[in-house]
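# Observations on the model geometry
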Amino acid sequence: MKILSLKTIALFAGLMFLAVSCFKDLDTTPLDEDVITSAVVFDSPEAYKQVLAKIYAGLALSGQQGPAGNSDISGLDEGFSPYGRQYWLAQELTTDEAVIAWNDGSLQDYHQQDWDASSEFVTAMYNRIFYQVSLCNEYLRETTADKVDGRPGVSAELKSDIVKYRAEARFLRALSYWHALDMFRKPPLVTENDPVGAFLPPQASPDQLFSYIESELKAIESDLAAPRTNEYARADQACAWILLAKLYLNAEVYTGRKLYSECATYCQKVIGAGFTLDPDYEHLFLADNHTADGIIFPVAYDGRFAQTYGGTTFMVHAAVGGSMSASDFGLDGGWAGTRTTSAFVSKFPAVGGGSVIVAANPGNTTYPVLYVPGGYQGWDPASASQIASAANDNTYEGYINIPDDQKEFKITLGPSWGSGDLGDNGADGTLEPGGSNLSVSEGGFYKFNVDLNALTYTLVKTTWGLIGSATPDMWNSDQDMSYDAAEGAWTITIGLVAGEVKFRSNNDWGLNYGDSGADALLEKDGGNIVIPSNGTYLIKLYLDKPDYTYSIERPSFDRRALFYTDGQSLDIADISQFTHGYAITKFKNITSTGAPGSNLTFVDNDFPMFRVEDAYLMYAEAVLRGGAGDLNTAVDYVNVVRQRAYGDASGNITSSELTLPFILDERAREFYWECHRRTDLIRFGQFSQSNYVWPWKGGVPDGVSTSSHFDIFPIPASDRGANPNLDQNIGY
C-alpha cells in the first residue's frame, strides 16, 4: 500500500491458513522454535498494525513471497489466485463487459454461464473470501481488551489505535461477507466468537447473513475514523456507509425486502462527507490514482513492494495485445487476454451532438482555377482538386493531399485534357505545355503555388497544428492536428481554456493563418482566433477550398468510451483471438504526468473498489425504485457524473430521461471493469434468464438466455464434502 506498508505483512502470514469448514486452534505454542505463533507475534507493539496490514493485503496479494511460489490457498497457481483477480473474473467475465482469450481450466465457463460446483475458479473465489474472514476473526480474537492488557508495551495511545484497528478488521470481514452474500447467498457464518479447533460452522440463510453484515457495519461506525481522515487505503466511516448503501440497494435481491430509502440515506451520508469528483475520469485508473479525488476505498498495489500477477497487474497486462503498444501502457509486454463485447460498446452514443461556435465559411467560389489531375484521383481533370487565383493575377495557390503510392500529377487549364496541360520536363520547377508528369518525393499534404506568367511552380509539404494562449502549451509549441481525408480537413479534438489560437504549418511561424475579420475566412498572418471559454473543442481547418476556412465546435461525446479499435473487430467470431472485440484502455500503468509506473511488470495502479460516483448513481436508482428522496436531486446527481464525462452540460439529462434502464446503462458507462456489472445485471433482472443477451452468453455467438440459477454461484463441492451442514444452492 502507498501508506499502510505492504512490506510488513509477512509477520502474521505464517499463522494463517484456510480450512473453510474446519478451523484449527491457532493460539498454541509449537514445538518447532522456528514457527511464529500469535503469542509471540503480539509481544511486539508494532505487530497490531502490521497484522492489520496483512489483512488489507489479503485483498491484493496471494501468498507470502510474491508474485508466486507460496500461496495462501491451494488449488490454483499463486499468480492466478489473488482475491482481486478472482473477484474481477467472477464479476466481469460473466457479463457483457468482458471476454478473455485464454482457455485455462474452466475459465471460459464464466462467460458461457455454465459453471458448476467443481469449478476451480468458483472455488478459488470462495476460498479467498473465507481466508479473509479467517484472518479477520483471528485478529479480533487476539486484540480483545483482556489479551491486550496482558501484553507488554501497549500504551494508552496504542490501545486507542487498536480500537480503530479492530473496527477496520470488522469492516474488512463485512466486505468479504458481502461478497459471499452477493455471490454464494448462503455460505457458512463464522465469527471470532465461535470455537477454534474441530468446528463445523453452520450455514447462514441470506436473511441471517444480511442482518449480520448490516449490524456489524452499524456497530463499528463510531470507532472508524471520520471520512477522509484515515491513512490512505484504510477504511473509514464513509467505507461503512457506502457498503451499507450497496447492501440496501440489493436487499430485494438478497432477502426480498425493499430497503431503498435506507440506501438513499446512506448515499447522502457519503455524498455529504466532502468527497469530490476528480476532474479527469482517466486519472482514477492510472498509476498515480492514489492522488485522484473521489476514491472512497481502494485496494492498493505497488509495483516495487506488492508484486502480484493478480489485481491490477492482471487487469492492465491482460488488456494489451494486437497492435497495441505495451510501452504506451507503461508495460514491458501485453498478455493479449481481455476485451469487451459489442453489446457493451453500444452503451455509448456512436455520434454525439454539440454546439457550433464558428461555422465554416464557403467563401468565394468564382475565382479562376487550375485543375490538378493525377493518380491520386484517377487522372480525371473534371473531378480533380483545384488551385485558385484569388487576386485574379495569373498566380494560383491551393493545398492538395497526395498519397504516398500515387505521387504523380499534372496541371490542366480547364476541367478536361483538351483545355491544355502543363508538366515539367526537367523537374526543375518550370512548366512546359504537354510536359512530363510532375511528382513529389513522398506523400503528404502539399501547398501548391503556380505562376502562369513565369511558368514556374513550387510544392511545399505541410503539416498543421494549433497554437495559442488557449492551448495546453500556450504559444510555446503546436498541438498537432490530423488530416481527415474523408472530411478534407485537418482536425483536432482538444481541451482549451478561454484565450486565442492560430493555425501554424510545420511548427514554424513562416506560414500561419488567422482570422482578421472574424468571419471564418483565414488570412496569412491574420488575427488571433478567440476561444470563448474553457472546454473540449473540435476544430477543423479546411484548406481544400479557394478561400481557406475553419470551424469550431463544442462536441458532445462521452469521454469514458476508452476503446482501442485499430486492428480490432467489433464482433467476436472467436473468443480465443485477441483482435476479436474492442480492447479497453481504461487502466494504464502510466501516471497523470505521462511517466511509466515504478515497475513495467508489476503495476502501481490501485483498484477503486468504492468511489463517490457510486453514491450519486445509487441514490438516483433508489429514488426511482420508490425510496424516500427527491427526483430533482437524483437528476442533479446523475448530471454531476455526466458533466465530467462530457466535459460540459451537453450530456445532461432531464427528469423524464431518468429511468431505470438509463441508470443500468449509465452504471455500465461509469463503472465498467470495476466489478459492479454482474451484481447490477442481476438486480435489474438481465443477467441470466432474460431477453437481454450479449455475444457468447451461454456459449452461443449471438448469445442466449440462460438458467436463472446462475444468478448465484454454487457452494464448492470441496467445502460441502468437508461440512455436512452445508446445503447446495438450487440448480447445482
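Worth saying up front: this structure is predicted, and the values here are computed from it rather than measured.

## A few points about the overall build of the protein
Within the protein one finds 19 helices and 27 strands. Its C-alpha atoms give the protein principal-axis dimensions of about 105 × 55 × 50 Å. Counting over 732 residues, the protein shows a buried share of 58%. Counted over contacts in the protein with a minimum sequence separation of 6, partners at least 24 positions apart contribute 66%. Of the roughly 26900 Å² of accessible surface on the protein, a fraction of 49% belongs to carbon and sulfur atoms.

## A closer look at the sheet that holds strand β18 (residues 489–496)
Spatial ordering of the open sheet is given by β4-β24-β23-β18-β17, a layout of five strands whose pairing is antiparallel. In this open sheet, the two edge strands, each paired with only one partner strand, are β4 (354–358) and β17 (482–484). Put simply, the sheet's adjacent strands are angled 30° from each other on average, direction ignored. Relative to β18, β17 is paired through three bridges, and the arrangement is antiparallel. Pairing of Ser 482 across the sheet is with Thr 491, part of β18.

## Description of the pattern of salt bridges
Enumeration according to the criterion identifies 41 salt bridges in this entry. Across the pair Arg 669 and Glu 666 runs a salt bridge whose closest N-O atoms are separated by 2.9 Å. Of this pair, Arg 669 and Glu 666 both sit in helix α17 (residues 660–671), three residues apart, roughly one helical turn. Given the relative accessible area of 0%, Glu 666 is considered buried.

## Re the side chain of Thr 143
Tracing the backbone shows Thr 143 in the loop between α6 (120–142) and α7 (145–149). Within the structure, the side chain of Thr 143 is placed 2.8 Å from the side chain of Arg 166, a separation counted as a polar contact. The contacts of Thr 143, once residues within four sequence positions are left out, are Phe 42, Tyr 48, Val 148, Ile 162 and Arg 166.

## Observations concerning the nonpolar core
In terms of nonpolar packing, the biggest core is built from 160 residues, with Tyr 110, Phe 171, Tyr 177, Phe 297 and Phe 610 touching the most fellow members. With 15 residues, helix α8 (residues 156–184) is the largest single contributor of residues to this core. Apart from residues lying up to four places away in sequence, Tyr 110 is in contact with Leu 89, Ala 90, Leu 93, Thr 94, Trp 115, Phe 121, Val 122 and Phe 713.

## A look at the packing of aromatic side chains
Per the counting criterion, the structure on display carries 46 aromatic pairs. Judged by centre distance (6.0 Å) and plane angle (75°), the rings of Phe 130 and Tyr 177 are edge-to-face. In this pair, Phe 130 is assigned in helix α6 and Tyr 177 in helix α8, connecting sequence segments 47 residues apart. Residue classification places Tyr 177 among the buried positions, given a relative accessible area of 0%. An aromatic cluster is defined as three or more aromatic residues linked by ring pairs; in this entry it consists of Tyr 110, Trp 115, Phe 121, Tyr 126, Phe 130, Tyr 177, Phe 184, Tyr 212, Phe 710, Phe 713 and Tyr 732. Its guanidinium or amino end placed over the ring of Tyr 672, Lys 586 lies 4.0 Å from that ring's centre, counting from NZ or CZ. Between Lys 588 and the ring centre of Phe 329, over which it is positioned, the NZ or CZ distance is 5.5 Å.

## As for the packing of helix α12 (residues 260–271) against helix α15 (residues 612–624)
Put simply, α12 and α15 touch, their axes get as near as 9 Å, and they point 150° apart. One way to sum up the angle between α12 and α15 is to call them roughly antiparallel. The handedness of the crossing between α12 and α15 is left-handed. Two secondary-structure elements touch here, α12 through Tyr 260, Cys 263, Ala 264, Cys 267, Gln 268, Val 270 and Ile 271 and α15 through Val 612, Ala 615, Tyr 616, Met 618, Tyr 619 and Ala 622. For the contact of α12 with α15, a count of residues per class yields twelve nonpolar, one polar and no charged.

## Remarks on the pairing of β18
The element β18 is extensively covered by neighbouring structure, given that six of its eight residues are classed as buried. Between β17 and β18, which pair antiparallel and follow one another directly, the connecting turn spans four residues, one of which, Gly 488, has a positive phi of 70°. Judged from the seven bridges that link them, β18 and strand β23 (residues 535–542) form a sheet pairing that is antiparallel. Paired with Thr 491 across the two strands is Lys 540, which belongs to β23.

## A short note on α6
Given a rise of 1.5 Å per residue, 23 residues ought to cover 33 Å, and the 32 Å separating the end C-alpha atoms of α6 matches this to within 8%. Counting buried positions along α6 gives 22 out of 23 residues, so the element sits mostly inside the fold.

## Some words on the environment of Arg 234
Here Arg 234 lies in the loop between α9 (206–219) and α10 (237–249). Since its relative accessible area comes to 9%, Arg 234 is described here as buried. It is 23 Å that separates the C-alpha atoms of Arg 234 and Ser 592, two residues lying 358 residues apart in sequence.

## Some remarks on the environment of Lys 524
Its place among the elements puts Lys 524 in strand β21 (residues 523–524). Sequence separation between Lys 524 and Ile 584 is 60 residues; the distance between their C-alpha atoms is 42 Å. What Lys 524 contacts, discounting residues up to four positions off in sequence, is Gly 510, Leu 511, Asn 512 and Tyr 513.

## What about the confidence of the model for the protein?
Averaged over all residues, the pLDDT of the protein is 92; the fraction at 70 or higher stands at 92%. This stretch, residues 1–35, has a pLDDT under 50; its non-local contacts, to residues over four places away or in other chains, come to 100 contacts.

## Observations concerning helix α4 (residues 83–92)
Counting buried positions along α4 gives ten out of ten residues, so the element sits mostly inside the fold. Along α4, the positions that sit buried rather than exposed are Tyr 83, Gly 84, Arg 85, Gln 86, Tyr 87, Trp 88, Leu 89, Ala 90, Gln 91 and Glu 92.

## Considerations on unusual backbone geometry
Note on backbone geometry: most residues besides glycine have negative phi, and most peptide bonds are trans. Look at Arg 228: it is not a glycine, yet its phi comes out positive at around 70°. Residue placement: Arg 228 occurs in the loop between α9 and α10. Even without being a glycine, Asn 392 presents a positive backbone phi close to 55°. Position of Asn 392 among the secondary structure elements: in the loop between β6 (385–388) and β7 (395–402).

## Description of the pairing of β23
Within β23, eight of the eight residues are buried, leaving the element largely enclosed by the surrounding structure. Counting the residues in the hairpin turn of β23 and strand β24 (residues 549–555) gives six residues.

## Considerations on a nonpolar patch on the surface
On the surface, a nonpolar cluster with roughly 310 Å² of combined accessible area is contributed by Met 474, Trp 475 and Trp 509. Following the sequence through the fold, Trp 475 ends up in the loop between β15 (464–467) and β16 (479–480).

## A short note on the side chain of Glu 613
Along the polypeptide, Glu 613 turns up in helix α15. The exposure class assigned to Glu 613 is buried, which follows from its relative accessible area of 0%.

## A word on the packing of α9 against α10
Where α9 meets α10, the axes come as close as 10 Å, and the angle between the chain directions of the two elements is 155°. On the basis of their axis angle, the class for α9 and α10 is roughly antiparallel. Crossing of α9 against α10: the hand is left-handed. Between α9 and α10, the residues in contact are Phe 210, Ile 213, Glu 214, Leu 217 and Lys 218 and Ala 240, Leu 243, Leu 244, Leu 247 and Tyr 248, respectively.

## Structural notes on the environment of Arg 560
Its place among the elements puts Arg 560 in the loop between β24 and β25 (563–564). The spacing of Arg 560 and Phe 348 is 212 residues in sequence and 8.7 Å in space, taken between C-alpha atoms. Apart from residues no more than four positions distant in its own chain, Arg 560 is found in contact with Tyr 281, Phe 348, Val 641, Arg 642, Ala 645, Glu 666, Arg 669, Glu 670 and Tyr 672.

What counts, and at which threshold
Residues numbered from 1 in each chain as written. Predicted model: local features only at pLDDT ≥ 70, side-chain atom pairs only at ≥ 80, totals over all residues. Heavy atoms only, no water. Helix = DSSP H or I, 4+ residues; strand = E, 2+ residues; numbered from the N terminus. Buried < 20%, exposed > 50% of the residue type's maximum accessible area, 1.4 Å probe, protein only. Contact = heavy atoms within 4.5 Å. Areas by Shrake-Rupley, 256 points an atom, 1.4 Å probe, with all protein chains shown as cover. Pairing = 2+ DSSP bridges. Axes fitted to C-alpha atoms, helices over the stretch in contact; angles between N-to-C directions. Salt bridge = Lys/Arg side-chain N within 4 Å of Asp/Glu carboxyl O. Polar contact = N/O pair within 3.5 Å; in protein donor to acceptor, adjacent residues only side chain to side chain. Core = buried A, V, L, I, M, F, W, Y, C linked by side-chain atoms within 4.5 Å. Phe/Tyr/Trp six-rings, centres within 6.5 Å; stacked < 30°, edge-to-face > 60°. Lys NZ or Arg CZ within 6 Å of the ring centre and 35° of its normal. Parallel < 35°, antiparallel > 145°, perpendicular 65-115°, else oblique. Left-handed = near helix turned anticlockwise from the far one by under 90°. Nonpolar A, V, L, I, M, F, W, Y, C, P; charged D, E, K, R; others polar. Expected span 1.5 Å × (residues − 1). pLDDT = per-residue confidence, 0-100. Patch = residues over 30% accessible without salt bridge, like charges linked within 9 Å, V, L, I, M, F, W, Y side chains within 5 Å.

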